[in-house]
Protein chains: 2
Amino acid sequence: MHYFIAVAEELHFGRAAQRLGIAQPPLSRAISQLERRLGAALLQRTSRSVTLTEAGTVLLHEGRVALDAVEAAEHRTRRAALAAAGEPSIVLATKAGASSQILAKLLHAYAAEPGSVRVDVMLCGPGEQVRLLRSGRADVAILHQPFDDTAGFDTEELLTEGQIAVLPAGHTLTTSEDLRLDDLTDVPDLPAPRWPGPDGTYAAGPGPEAQSHTQLLQLVALGRTLMTVLDSCRPQLGDDVVAVPIVDAPAVTTVIAWPPHSRIRAVADLVRTAVSL
Amino acid sequence: MHYFIAVAEELHFGRAAQRLGIAQPPLSRAISQLERRLGAALLQRTSRSVTLTEAGTVLLHEGRVALDAVEAAEHRTRRAALAAAGEPSIVLATKAGASSQILAKLLHAYAAEPGSVRVDVMLCGPGEQVRLLRSGRADVAILHQPFDDTAGFDTEELLTEGQIAVLPAGHTLTTSEDLRLDDLTDVPDLPAPRWPGPDGTYAAGPGPEAQSHTQLLQLVALGRTLMTVLDSCRPQLGDDVVAVPIVDAPAVTTVIAWPPHSRIRAVADLVRTAVSL
DNA sequence: TTCATCGATACTTCTACGGTATCGCTCAAG
DNA sequence: CTTGAGCGATACCGTAGAAGTATCGATGAA
């Protein structure tokens, strides 16, 4: 399964084998064996290129879900053992820099609840929370629709708000009362920043490389780029940047999400606290 | 994983090994190996009895989910390959004997839709639909809340209704206008029927053994037992039985459910047809 | 036409999983 | 108190299957 996902992602047996830390022949054999077991062609090999078949696309998707479920079983078991032995705790995953005051309020209110446990907050890059939740490394997460894929989780809505553009003070765009998405794409002197991918590398492009939101904010203040954030982030902005509403940006809903099978009481308590805020 | 689930269910290494078709020693080793890998005790062995630890309970639950996910990946891939090759179709799982006219309406309406595909209907025993859906053998199911566990599925509500008791014509209970649940438990001459478990055996008890709803209905007509069914099943009952509403039975909601990651267009079409009925 | 690239195949090595035999512990019956 | 049956753990052995090395065959670019 691991093997197939690696090949399906790389679309190249050699690179996939390298990534897996094995030689190429066993990988070829494993894949054709998998195909024989399933009775279905997963890849079309033309000795010059590898492409996914219909069935292969399905298996790539379902296989990821399955592997995440296996990994989640491991992690949750380990954490249950630790919780039974020592002090119980839960892990909350949230995107760094977003919904921070709703989170602060939530943590404060939950800590005051009777029977509350320690909450470890994991600050993640964009979209990473979903991965953590699926793989059992986190117990509950703060997600943002429609950016994050909430399929397969139970969720409760917490807040719906608009988005604002953060621009360098004095930039020509700041003269407008409000902006549209079109106004923000391909601004010559404010190219979109580039985030590191899951592998730690950056895509090519004109924008500056960013590792964190504070860093990015500084780059905006320096007039090197622009960023869009949620309405509720406005109080965190300094005087060296200007916030302008984006009228046609989709509304973002902040939700609290957890795995549907979660039997952890602390998660239920936390969610109850969140919805009653 | 298979091994651990077998032991956790049997709570007996010998029987679990027999069920798995292997000898007992490799099973013992596999489990202790798993425990070492996870760094957590899963079972408490007292050489006289085996019990689950906290962590073991979690792993039993999460492990089932994970195994189902793996099996689902297999099944869905096979079906995707078949669909790509020949005529596409979807599998709908439903409990035998319940919500049959809503199902008939749905199938009829869906068949009239443009682009509809063949729908294979699987009639299941109680609770079996959930298993089929989780393991990928079915693409969509008709479930009944609160009986079926819809956790982890996307659902749409179709109908909410009460339950009625089906009694032999002329029985003393049929003189009432309505009944309560208490009236129906431990009726001496109408003991509750016994259904076969997943292993095909029957629990001990006074009631008659039943294999199907029609068979059960016949047993009611013969004055041997009673049964409770949904309001909407009333038109299917003959003159030899009497239906009496149960006023304090929980309302049952019929829902259509599908896996949250389903990318199958036909499932989406079927759901859309169902909610528009 | 040649050569580089890439996946498949042939053959060998070794790990790891399963089977048999047996031990040690516990509880119940005599 | 003794003995034996039940049950899980351990020791040891054999084999199946997975990974590595070497090489082939096909394809497309120079």
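Being a predicted model, the structure only gives us computed values, none of them experimental. Starting from 1, residues in each chain are numbered consecutively following that chain's sequence as written. Just so you know, chain letters begin at A and ligand numbers begin at 1, following the order they were written in. Whole-chain, interface and lining totals are the exception, using all residues; otherwise, since this is a predicted model, local features are given only for residues with pLDDT of at least 70 and side-chain atom pairs are given and counted only at 80 or more. Side-chain calculation: all heavy atoms of the structure are included, whereas hydrogens and water are not.

Comments concerning the sheet that holds strand β8 (residues 227–230) of chain A
Residue and element names in this part refer to chain A. Two strands are said to pair when DSSP picks up at least two bridges between them. A helix here means a DSSP run of H or I that spans at least four residues, while a strand means a run of E at least two residues long, and both kinds are numbered starting from the N terminus. The antiparallel open sheet is built from three strands, whose spatial order is β8-β7-β9. The open sheet has two edge strands, β8 and β9 (241–245), and neither has a second partner. Put simply, the sheet's adjacent strands are angled 35° from each other on average, direction ignored. Angular values range over 0 to 180 degrees, each being the angle between N-to-C directions of two axes fitted as lines to C-alpha atoms, with helices fitted over their stretch in contact.

What to know about the interface of chain B and chain A
On the side of chain A, 29 residues touch chain B, which itself brings 29 residues to the contact. Defined in terms of a 1.4 Å probe, buried area is the accessible area two parts forfeit on being brought together, summed over both. For the chain B and chain A pair, buried surface summed over both sides reaches about 2600 Å², with 69% attributable to carbon and sulfur atoms. A pairing counts as a salt bridge when a side-chain nitrogen of Lys or Arg comes within 4 Å of a carboxyl oxygen of Asp or Glu. Taken together, the links from chain B to chain A amount to four salt bridges. For B:Arg76, the salt bridge goes to A:Glu62, with nearest N and O atoms at 3.1 Å. In protein, a polar contact requires one atom able to donate a hydrogen and another able to accept it; more generally it is a pair of N or O atoms within 3.5 Å, and residues adjacent in sequence count only if both atoms are side-chain atoms. Counting across the interface, chain B meets chain A through eight residue pairs in polar contact (both at pLDDT 80 or more). In terms of residues, the side of chain B that touches chain A owes the most to one element, helix α4 (residues 54–85) of chain B, which gives 19 residues. Throughout, the ten residues Ala, Val, Leu, Ile, Met, Phe, Trp, Tyr, Cys and Pro are labelled nonpolar, Asp, Glu, Lys and Arg are labelled charged, and all others, Gly among them, are labelled polar. Looking at the side of chain B that touches chain A residue by residue, the classes come out as 16 nonpolar, five polar and eight charged. Contacts are assigned to residue pairs with any non-hydrogen atoms lying within 4.5 Å of each other.

Some thoughts on the protein's contact with DNA strand D
For each residue, the test is whether any non-hydrogen atom lies within 4 Å of the molecule or strand; if one does, the residue is near. Residues in contact with DNA strand D amount to 18 residues; listed here are only the nearest, A:Tyr3, A:Ala23, A:Ser47, B:Ser28 and B:Arg45. The contact atoms of DNA strand D, taken as those within 4 Å of the protein, divide so that sugar and phosphate hold 60%. One of the side-chain nitrogen or oxygen atoms of A:Tyr3 is found 2.7 Å away from a phosphate oxygen of DNA strand D. Between a phosphate oxygen of DNA strand D and a side-chain N or O atom of B:Ser28, the distance comes to 2.7 Å. A total of four residues in the surface near DNA strand D trace back to one element, the largest contributor, which is helix α3 (residues 24–38) of chain A. By residue class, the composition of the surface near DNA strand D is eight nonpolar, six polar and four charged.

Examining the domain arrangement of chain A
Domain start and end points were adopted from an automatic or database domain assignment. By the assigned domains, chain A splits into domain 1 (2–67), domain 2 (89–158 + 252–275) and domain 3 (163–245). Just the C-alpha atoms count here: the centres of domain 1 of chain A and domain 3 of chain A sit 39 Å apart.

Points about the pairing of strand β7 (residues 163–168) of chain B
Residue and element names in this part refer to chain B. In terms of residue burial, β7 counts as a mostly covered element, since six of its six residues are buried. One ladder, built from four bridges, connects β7 with strand β8 (residues 227–230); its direction is antiparallel. Each bridged residue has a counterpart across the sheet, and for valine 166 the counterpart in β8 is methionine 227. Exposure categories follow from relative accessible area, calculated using a 1.4 Å probe and restricted to protein chains: below 20% of the type maximum is buried, above 50% is exposed, and the middle band is partly exposed.

So, helix α2 (residues 13–20) of chain B
Residue and element names in this part refer to chain B. Along α2, the positions that sit buried rather than exposed are Phe13, Ala16 and Ala17. Taken end-on, α2 shows its buried residues confined to a sector of 100°, consistent with a single buried face. Its buried side turned inward, α2 meets α1 (2–10), α3 (24–38), β1 (43–45) and β2 (50–52). Backbone geometry just after α2 places glycine 21 at a positive phi near 75°. In this description, one arc is meant: the one made by directions from the helix axis to the C-beta atoms.

So, the protein's contact with DNA strand C
Near DNA strand C, the surroundings consist of 18 residues, among which A:Ser28, A:Arg45, B:Tyr3, B:Ala23 and B:Arg29 are the closest. Here, DNA strand C places atoms within 4 Å of the protein, and 61% of those atoms are sugar or phosphate. Here the surface near DNA strand C gets four residues from one element, more than from any other, and that element is α3(B). When its residues are assigned to classes, the surface near DNA strand C shows eight nonpolar, six polar and four charged.

Topic: the relation of the copies chain B and chain A
Superposition of chain B onto chain A requires a rotation of 180° combined with a translation of 0.0 Å along the rotation axis, giving an RMSD of 0.1 Å. What the superposition gives is, in effect, a two-fold axis relating one chain to the other. Most of the interface of chain B is mirrored in chain A, where 100% of its interface residues are also at the interface. Superposing the copies works by least squares over the C-alpha atoms of residues that have pLDDT at least 70 in both of them.

Structural notes on the sheet that holds β8(B)
In a beta sheet, neighbouring strands pair by backbone hydrogen bonds and run either parallel or antiparallel. Residues and elements named next belong to chain B. Pairing is antiparallel in the open sheet, where three strands are placed in the order β8-β7-β9. Two strands bound the open sheet, and with one partner strand each, they are β8 and β9 (241–245). Averaged over all pairs of adjacent strands, the angle between their axes in this sheet comes to 35°, without regard to strand direction.

Things to note about the pattern of salt bridges
Residues and elements named next belong to chain A. Overall, the coordinates contain 34 salt bridges over all chains when judged by the stated rule. Taking the shortest distance from any N to any O, the salt bridge between glutamate 87 and arginine 118 comes out at 3.6 Å. In this pair, glutamate 87 sits in the loop between α4 (54–85) and β3 (89–95) while arginine 118 sits in strand β4 (residues 118–124), placing the two residues 31 residues apart along the sequence. For arginine 118, a relative accessible area of 39% corresponds to the partly exposed category. The network of salt bridges with common partners includes Glu9, Glu10, Arg15, Arg19 and Arg64.

Let's talk about the environment of A:Arg19
Residues and elements named next belong to chain A. For arginine 19, the position within the fold is in helix α2 (residues 13–20). You can call arginine 19 partly exposed: its relative accessible area is 44%. Taking C-alpha positions, arginine 19 is 7.6 Å from alanine 6, a pair spaced 13 residues apart along the chain. Ignoring any residue separated from it by four or fewer positions in sequence, one finds arginine 19 in contact with Ala6, Glu9 and Glu10.

What about unusual backbone geometry?
Omega for the peptide link from A:Gln145 to A:Pro146 comes to 0°, which places this bond in the cis form. Inspection of the secondary structure puts A:Pro146 in the loop between β5 (140–145) and β6 (154–161).

Side note on the environment of A:Thr174
Residue and element names in this part refer to chain A. Residue position: threonine 174 is located in the loop between β7 (163–168) and α7 (181–184). Linking threonine 174 and aspartate 239, residues 65 residues apart in sequence, is a C-alpha distance of 13 Å. Not counting residues within four places of it along the chain, the set of residues in contact with threonine 174 comprises Leu167, Pro168, Val242 and Val244.

Considerations on the packing of α1(B) against α2(B)
Helices that pack against each other are described as a pair by the angle of their axes relative to one another and the distance between those axes. All names here are of chain B. As a packed pair, α1 and α2 sit with axes 8 Å apart at the nearest point and diverge in direction by 130°. Viewed along their axes, α1 and α2 adopt a mutual orientation that is oblique. Crossing angle aside, the handedness with which α1 passes α2 is right-handed. For the pair α1 and α2, the contacting residues are His2, Tyr3, Ala6, Val7, Glu9 and Glu10 in the first and Phe13, Arg15, Ala16, Arg19 and Leu20 in the second. Of the residues that constitute the contact of α1 with α2, the class distribution is six nonpolar, one polar and four charged. Orientation labels follow simple angle bins: below 35 degrees gives roughly parallel, above 145 gives roughly antiparallel, 65 to 115 gives roughly perpendicular, and whatever is left gives oblique. A crossing counts as left-handed when the near helix is turned anticlockwise from the far one by less than a right angle, and as right-handed when that turn is clockwise.

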